Amino acid sequence: MSNKASNQVHELIHSMAPAEKRYFKLFAERHSSNSKNNYHLLFQAIENQSEYDEQAILSQFKSDPFVKHFSIAKNRLYHQILRSLDAFYAEGSVEAELQRYLHYVEILFQKTLYNQCSRVLATAEKIAEKHEKEITLLRIIKWKKKLIEIRHHEDANPILFTDQNKILSELSLSNDLWKIKASVFEELFKKGQARSREMAESSQLDLDSLNSFKGKSDVFETNHLIYHTESAIYFKKGDYEKCKKALLENLSLIEGHLHLAAEEPILYHSVLTNLIYVSAKLNHFDDVKRFLQESRSLPEKLKINPTEHIEYRIFSDSYGLELAICNLTGNTSRGKELMESLPPMLERWNHKHGDAKRASFLHGLSVMFFTMGSLGDSLKWNNELLNTVSIKKAEDSFCFGQMFHAVLHFELGHRDLLSGIAKSLSRYLDTRERRYKFEEHFLDLLRNLEKFSSESSEREYFEKFAEAVRPLENEDYEKIAFEYFDFIAWAESHLTGISFQEAVQERATVKNIL
């Protein structure tokens, strides 16, 4: 925090809930010998700023001595806020409870109260074992070794060393699983679902590696990682039936360990939201409704108070999922409600979004406005996607965002722009090696629409396009294109004269499921 213009304190303060802020003010008063309490005053001044302005703060406190060493004062405030939050959440965290017990052990050890050390360690060990805290268990073993050493190696139980080897083996197993998971998700977020045999074969190699870990552990986190990664691999391959099977196995695992799920509610939430999406893709709409209800009642089921992190993830996953399903079904009534709530929430959590997640939201908003007939708003969100999201980090969304950009300009009557858009898209596809069947048919349509001379020729081009891409909707490496936008419904709206929304709804198995 040596950088004078750092806004970390501002970010931290504005992430705090009202109860946390009230607690800090009481905490600061209790832990300050200064009756004026500079921490409290500085906290309030920064809290009142919607955007951090250090010069304004320095001007406000120009007569106060702490301004001469402002970076130090700001750093101390930052750490005092963290200490207050630590105290605020001390009773609600297993990790914090275990840390306290180990601190007690350290104090007792320094006072040579070794028997008391052993008793506190025994209590901590029971809690750590119940909650599968392997790192803490290693620290407990380390303290046990210290006590053995103090007692001149009396009662050196061999089981202690066996336990340590077992924990280290489990951590090594988890680390190897994480390598596979990181590789799978990095490619999934960057490139999207498999669009070629080569990508599918790569996924199969990941699956073969993953299967070698099955049955080797009875630890919750390890088995969760296996099912979680397995479902992602099948999703990447477009095998929704097997993806759902792995998700249901993960759900069963979590529901058998609710005391652990309460510590990591996002794991539970993620499995439910993934089940909602995959169930929708399989037309299992009774499951969609059931898992939506379970997702929204999760805090009550786990008896937890939602934190900022949980609120963000519920927004990021649940709302994004609703928007995607509304777009798939043409549900504009729910879509209009989302249009009112999503933009301010996107702005609130803008700094938390990765490029892939942000691209998904921006594209979803653009498609929903298109479905509602608001082409100007649709183009605005599409432009934000193309102008602000990293191509490398959201390749799939960016690619289909470019294709949807062409659709928008066609619908807006900007046919003079289609030639340039087609050339730009063609270069992009060549650069990224993405010339798949669907993209080729779409480029053909664009080139034809650019030069059309009559309504009859336009109809001919759309008929040719629809006939070419309909079979691709059920083809393993091509069907992903229709999850970003219903290109067939778009073509049919031009062939039949009905609205795009009506065409989407006619193609949806169940209408307005949300």
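Below is a summary of the structure that appears in this document.

Calculation criteria
- Residues numbered from 1 in each chain as written.
- Predicted model: local features only at pLDDT ≥ 70, side-chain atom pairs only at ≥ 80, totals over all residues.
- Heavy atoms only, no water.
- Phe/Tyr/Trp six-rings, centres within 6.5 Å; stacked < 30°, edge-to-face > 60°.
- Helix = DSSP H or I, 4+ residues; strand = E, 2+ residues; numbered from the N terminus.
- Buried < 20%, exposed > 50% of the residue type's maximum accessible area, 1.4 Å probe, protein only.
- Lys NZ or Arg CZ within 6 Å of the ring centre and 35° of its normal.
- Core = buried A, V, L, I, M, F, W, Y, C linked by side-chain atoms within 4.5 Å.
- Contact = heavy atoms within 4.5 Å.

To continue, consider the packing of aromatic side chains. In the structure shown here, the tally under the stated rule is 28 aromatic pairs. When the centroid spacing of 5.1 Å and the interplanar angle of 85° are considered together, the rings of F462 and W490 count as edge-to-face. Here F462 is found in helix α24 (residues 455-469), whereas its partner W490 is found in helix α26 (residues 487-496), with 28 residues between them in sequence. Their ring planes at 15° and their centres at 5.0 Å tell us that F485 and F500 sit as a pair that is stacked. Of this pair, F485 sits in the loop between α25 (481-484) and α26 while F500 sits in helix α27 (residues 500-507), and the two are 15 residues apart along the sequence. By relative accessible area, F485 is classed as buried at 3%. Just above the ring of Y23 sits the side chain of R30; from NZ or CZ to the centre is 5.8 Å. Taking the ring centre of F109 as reference, the NZ or CZ of K146 above it sits at 5.9 Å.

Here the focus is the nonpolar core. F438, F442, F485, F487 and W490 are the most contacted members of the largest nonpolar core, which has 64 residues in total. A per-element tally of this core places helix α21 (residues 395-411) first, with nine residues. What F438 contacts, discounting residues up to four positions off in sequence, is R195, F400, M403, F465, V469, L472, E478, A481, F482 and F487. L253, I266, V271 and L298 belong to the second largest nonpolar core, which has 43 residues in total.

Function cannot be read off these values alone, since they describe shape.
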